[in-house]
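Residue-level structure breakdown
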Amino acid sequence: MAEHDDQLAALRRQIDSVDTQLHDLLMQRTELAVQVGEVKAKAQPIGRTPSEGAKFVRPAREAKILRRLIERHKGKLPKAVMVRMWREMISALLQVEGPFVVAVYNPPEEPGYWDIARDHYGCRVPILGFDRLNHAISAVLEGQATVAVLPLPHEGDRDPWWRRIAVKQPKVPHVIARLPFGDPGNQRGRGLQALVIGTTPNEPTDHDRGLLVAETREPVSRSAIREALNTAKLKPVFIQAFQELGGPEQQVVEVEGFLAPDDARLAALAKALGPDSRVIAIGGYAVPLTAAELAGEPVKAPEPAKTIEPTPAPEATSGDAA
């Protein structure tokens, strides 16, 4: 019995020693984050509003950090837990660098979007809930929030939110991330997924998807837009069409790979779609980790590109900020 107690005591001393080392490294990482903020401040003065927090947000780098750690991770600690720990740390250190506030679409009947936002951005980041999609977007446009978490586009949306960002104007946000990036966590309700919009410039990660909006004077069939995308060397993942009564037809298209705002393929697509066509990039995201990657299983080859299947649209209800 004494030998058993001695072994436990020795192991606990080792755990205490490791905890001290982890704490030292965490304090060191925090100091490095402070220095990063100071370097950015020299290049561009740092303000104190949430909109100016966009200077510090780098979703592509965050995704690359997590992918690198997932690839080297081993042992009994689940990869999903490791991702959650790093997400909490990354989000906390964003606040060390500067102001950071999240707006989220949060209608009473769909609380899962709040859960997605909280799981990704951590326990300390301020979150503003809105039960209207347009109010969440306006929070970013007006500088009240740094980013907004919004539903994925759905077939049948009566007034798709992506139309509000399909414009070439200063300070208009674009898509910068897709959530959840790792394990769904404690999300309430069905398996929801979301897009994040903000003003941070997008960067490639080698595991990317891009989003564009194509506008045509006359309706365009799915086969015709696929042919035009192929001509422009763009591979679609989904296509969603919308046409307001008396207005032009708009298609939001997700494509494989990184898509820059000035990508030459955008002009090629507009040309392929015909006269008076307009094509604009509305952002993109690093592809989230799959369940197989989090479980440590071999990753399967990507599925062929396909158009999105019709699904129920989320109901946008009336109300102001929660």
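Refer to the structure printed above.
Since we're looking at a predicted model, the values are computed, not measured. (Residues numbered from 1 in each chain as written. Predicted model: local features only at pLDDT ≥ 70, side-chain atom pairs only at ≥ 80, totals over all residues. Heavy atoms only, no water.)

**Some words on empty space enclosed by the protein**
Selection rule: Of the two site types, the cavity is a set of points on a 1 Å grid over the protein atoms alone where a 1.4 Å probe fits but cannot get out, and the pocket is an open set with protein on both sides within 12 Å along at least five of seven lines, each lined by residues with an atom within 4 Å of a point. Grid points are joined across faces, edges and corners, and a volume is the space filled by probe spheres set on the points. Secondary structure elements are taken from DSSP: a helix is a run of H or I of four residues or more, a strand is a run of E of two residues or more, and numbering for both begins at the N terminus. Charged means Asp, Glu, Lys or Arg here, nonpolar means Ala, Val, Leu, Ile, Met, Phe, Trp, Tyr, Cys or Pro, and polar covers whatever is left, Gly included.
Enumeration over the complete set of coordinates arrives at two cavities of 30 Å³ or more. In this structure, the largest cavity spans a volume of roughly 240 Å³. Along the wall of the largest cavity there are 24 residues; nearest its centre are Pro59, Ala60, Ile176, Ala177 and Ala286. Broken down by secondary-structure element, the contributors of at least two residues to the lining of the largest cavity are helix H2 (59-72), helix H4 (112-121), strand E4 (174-179), strand E6 (208-216) and strand E9 (278-286). For the lining of the largest cavity, the leading source of residues is H2, giving five residues. Within the lining of the largest cavity, the residues separate by chemical class into 14 nonpolar, four polar and six charged. In this structure, the second largest cavity spans a volume of roughly 110 Å³. Ala80, Val83, Arg84, Arg87, Ile116, Asp119, His120, Pro180, Phe181, Gly182 and Asp183 are the residues that line the second largest cavity.

**Section: the pairing of strand E7 (residues 236-243)**
For clarity, the cut-off: For every residue, the accessible area (1.4 Å probe, protein chains only) is compared with the maximum for its type, and the residue is labelled buried under 20%, exposed over 50%, or partly exposed between those bounds. Criterion used throughout: strands pair if DSSP finds at least two bridges between them.
Counted residue by residue, E7 has six buried out of eight residues, so it is predominantly covered. Alignment of E7 against strand E8 (residues 249-256), held across seven bridges, turns out to be antiparallel. Within the sheet, the bridge partner assigned to Phe242 lies in E8 and is Gln250. Taking the residues between adjacent antiparallel strands as the criterion, E7 and E8 are bridged by five residues, where Gly246 takes a positive phi near 80 degrees.

**Points about the pairing of strand E5 (residues 194-198)**
Across the five residues of E5, five count as buried, placing the element largely inside the fold. Side chains Ala194, Val196 and Gly198 of E5 all project onto a buried face; the interleaved residues Leu195 and Ile197 project onto the opposite face, where all are buried too. Examined bridge by bridge, E4 and E5 share five bridges and lie antiparallel to one another. Looking at the pairing, Arg178 lines up with Leu195 of E5.

**Some thoughts on the environment of Leu77**
Just so we agree on the cut-off: Residue contacts are defined here by distance: any two heavy atoms, one from each residue, within 4.5 Å place the two residues in contact.
For Leu77, the location among the structural elements is in the loop between H2 and helix H3 (79-97). The partly exposed category is assigned to Leu77, whose relative accessible area is 39%. Discounting residues that sit within four places of it in the chain, Leu77 has contacts with Met82 and Met85.

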